[in-house]
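So the chains spell out like this:
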Protein chains: 2
Amino acid sequence: MASAKRKPGPTELLVLEDFLPYRLSILSNRVSRAIAARYAKTFGLSIPEWRIIAVLGRRPGLTAKEVAEATEMDKVAVSRAVAKLVESKRVAARADREDARRQILSLTAQGESVHARIAPIALASEQRLLAALDARERAQLDALVGHLLDAAKTL
Amino acid sequence: MASAKRKPGPTELLVLEDFLPYRLSILSNRVSRAIAARYAKTFGLSIPEWRIIAVLGRRPGLTAKEVAEATEMDKVAVSRAVAKLVESKRVAARADREDARRQILSLTAQGESVHARIAPIALASEQRLLAALDARERAQLDALVGHLLDAAKTL
DNA sequence: GAGATTTAGTTTCATCTGTAACCAATGGCA
DNA sequence: TGCCATTGGTTACAGATGAAACTAAATCTC
């Protein structure tokens, strides 16, 4: 459907539905919203909180700053989300011995439990989306998104 | 870099950096922010306003509701952005004769001018991003994103 | 080792966004 | 025709988000 009415020349006309940044935005929104809806209701987690749980689940002991880097969120967002997660007893923050400014973050038992239950849900959603593609297309997608992520870094 | 340490099995481990919804979100954000920065400074436009200008530039005479559909924004967002655009004299809204609830929207001369200057900028940004891909990859990307957009519709 | 600089994280404030309630006009339909 | 349901659009309120200012700890420099 998107193929028949593609752009005429290389850079001529701006057609919103064909404009890659727009399409990526719509795609990302649809996907994020669908997944977020599932764990928001079940666990009361926001996307930032979810990301932090995902990252700490695999890499406990990160500082807030490292979490910010790993999740590509800014430190304000991390600070707020961590505050909520500590509040809800899903993340434990203990001061770093060597640098009192730093917080060493890790999941509590409750946090681990959430992580253990949420990861399969997330992966299943991803699989549902990827079900639209065959193995070769998935590999292509992976590579293309990787390239674009690199390229977009220095836009 | 993303290829060497890919997922081990089909659905085993949740690794944020490899998780498609996450990657799409980061990609979309990087791209949108880069482009938005350019026209936000030059024209003082938000993303919703920009989208509306893009759509009305090609298809004048749409109603607010049709604009909402065309841009995939909700009607509240459209209402607000249109209000600003009317305020800044870039969009003209006249009541529909046949249905007094409807607004017929179109660009003013000023709006046209903004559109004419912004479209090339947007397309150039898109091209800069796509410069990372060759022709075959672009075609693949186009098709893949199309598939995913469809699939994501019913997530 | 005192003062300037940088760094980790928080708070503040202003703006944006999303949901729900709302208002007014239209379209049944009895 | 008069009432109800629907539709186009706006308003109101609450929560999310981002930039910049701020605090406190560490580091650097002389």
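Here, every reference points to the structure presented above.
The notes below deal with the structure included here. The shown structure was predicted, so the numbers you read here are calculated from the model rather than taken from an experiment.

## Regarding the environment of B:Asp150
Now for step 1: By secondary structure assignment, the location of B:Asp150 is in helix α6 (residues 135–153).
Now for step 2: Residues B:Asp150 and B:Pro48, 102 residues apart in the sequence, show an inter-C-alpha distance of 22 Å.

## Regarding the interface of chain A and chain B
Now for step 1: Taken together, the contact between chain A and chain B spans 59 residues of the former and 59 residues of the latter.
Now for step 2: Both sides of the chain A and chain B interface together cover about 6,400 Å² of buried area, and 69% of this is carbon and sulfur.
Now for step 3: Looking at the side of chain A facing chain B, the largest losses of area belong to A:Leu14, A:Arg30 and A:Leu155, adding up to 12% of the total buried there.
Now for step 4: Inspection of the region where chain A meets chain B yields six salt bridges.
Now for step 5: Here A:Arg58 ties to B:Glu17 by a salt bridge, and the two come within 3.9 Å at their closest N and O atoms.

## Considering the relation of the copies chain A and chain B
Now for step 1: Relative to chain B, chain A is turned by 180° and slid 0.0 Å along the rotation axis, the superposed coordinates differing by an RMSD of 0.1 Å. The superposition of one copy onto the other is thereby described by a two-fold rotation axis.

## Description of the packing of helix α1 (residues 20–43) of chain B against helix α5 (residues 109–130) of chain B
Packed helices, taken two at a time, are described by the angle their axes make and the gap between the axes.
Residues and elements named next belong to chain B.
Now for step 1: Following both chains from N to C, one finds α1 and α5 inclined at 155°, their axes separated by 11 Å at the closest point. Between α1 and α5, the interaxial angle falls into the category roughly antiparallel. In the crossing of α1 with α5, the sense of the turn from one axis to the other is right-handed. Residues Val31, Ile35, Arg38, Tyr39 and Phe43 of α1 pack against Val114, Arg117, Ile118, Ile121, Ser125, Arg128 and Leu129 of α5.
Now for step 2: Split by residue class, the contact of α1 with α5 holds eight nonpolar, one polar and three charged.

## Things to note about α1(B)
Residues and elements named next belong to chain B.
Now for step 1: Compared with the 34 Å implied by 1.5 Å per residue over 24 residues, the 33 Å span of α1 between its first and last C-alpha is a close match.
Now for step 2: At Ala36, α1 shows its largest bend, some 25°.
Now for step 3: The buried fraction of α1 amounts to 17 of the 24 residues, a majority that puts the element mostly inside the structure.
Now for step 4: Phi turns positive one or two residues past the end of α1, at Gly44, with a value near 65°.

## Let's talk about the nonpolar core
Now for step 1: Counting residues in hydrophobic clusters, the biggest one holds 94 residues, and the most contacted among them are A:Trp50 and B:Trp50.
Now for step 2: Among all residues touching A:Trp50, those that are not within four sequence positions of it are A:Tyr39, A:Leu45, A:Ile118, A:Ala122, B:Leu14, B:Leu16 and B:Phe19.

Criteria and thresholds
- Residues numbered from 1 in each chain as written.
- Chains lettered and ligands numbered in written order.
- Predicted model: local features only at pLDDT ≥ 70, side-chain atom pairs only at ≥ 80, totals over all residues.
- Heavy atoms only, no water.
- Helix = DSSP H or I, 4+ residues; strand = E, 2+ residues; numbered from the N terminus.
- Contact = heavy atoms within 4.5 Å.
- Buried area = accessible area lost by both parts, 1.4 Å probe.
- Salt bridge = Lys/Arg side-chain N within 4 Å of Asp/Glu carboxyl O.
- Least-squares fit on C-alpha atoms with pLDDT ≥ 70 in both.
- Axes fitted to C-alpha atoms, helices over the stretch in contact; angles between N-to-C directions.
- Parallel < 35°, antiparallel > 145°, perpendicular 65-115°, else oblique.
- Left-handed = near helix turned anticlockwise from the far one by under 90°.
- Nonpolar A, V, L, I, M, F, W, Y, C, P; charged D, E, K, R; others polar.
- Expected span 1.5 Å × (residues − 1).
- Bend = angle between axes of the 7 residues up to and from the residue.
- Buried < 20%, exposed > 50% of the residue type's maximum accessible area, 1.4 Å probe, protein only.
- Core = buried A, V, L, I, M, F, W, Y, C linked by side-chain atoms within 4.5 Å.

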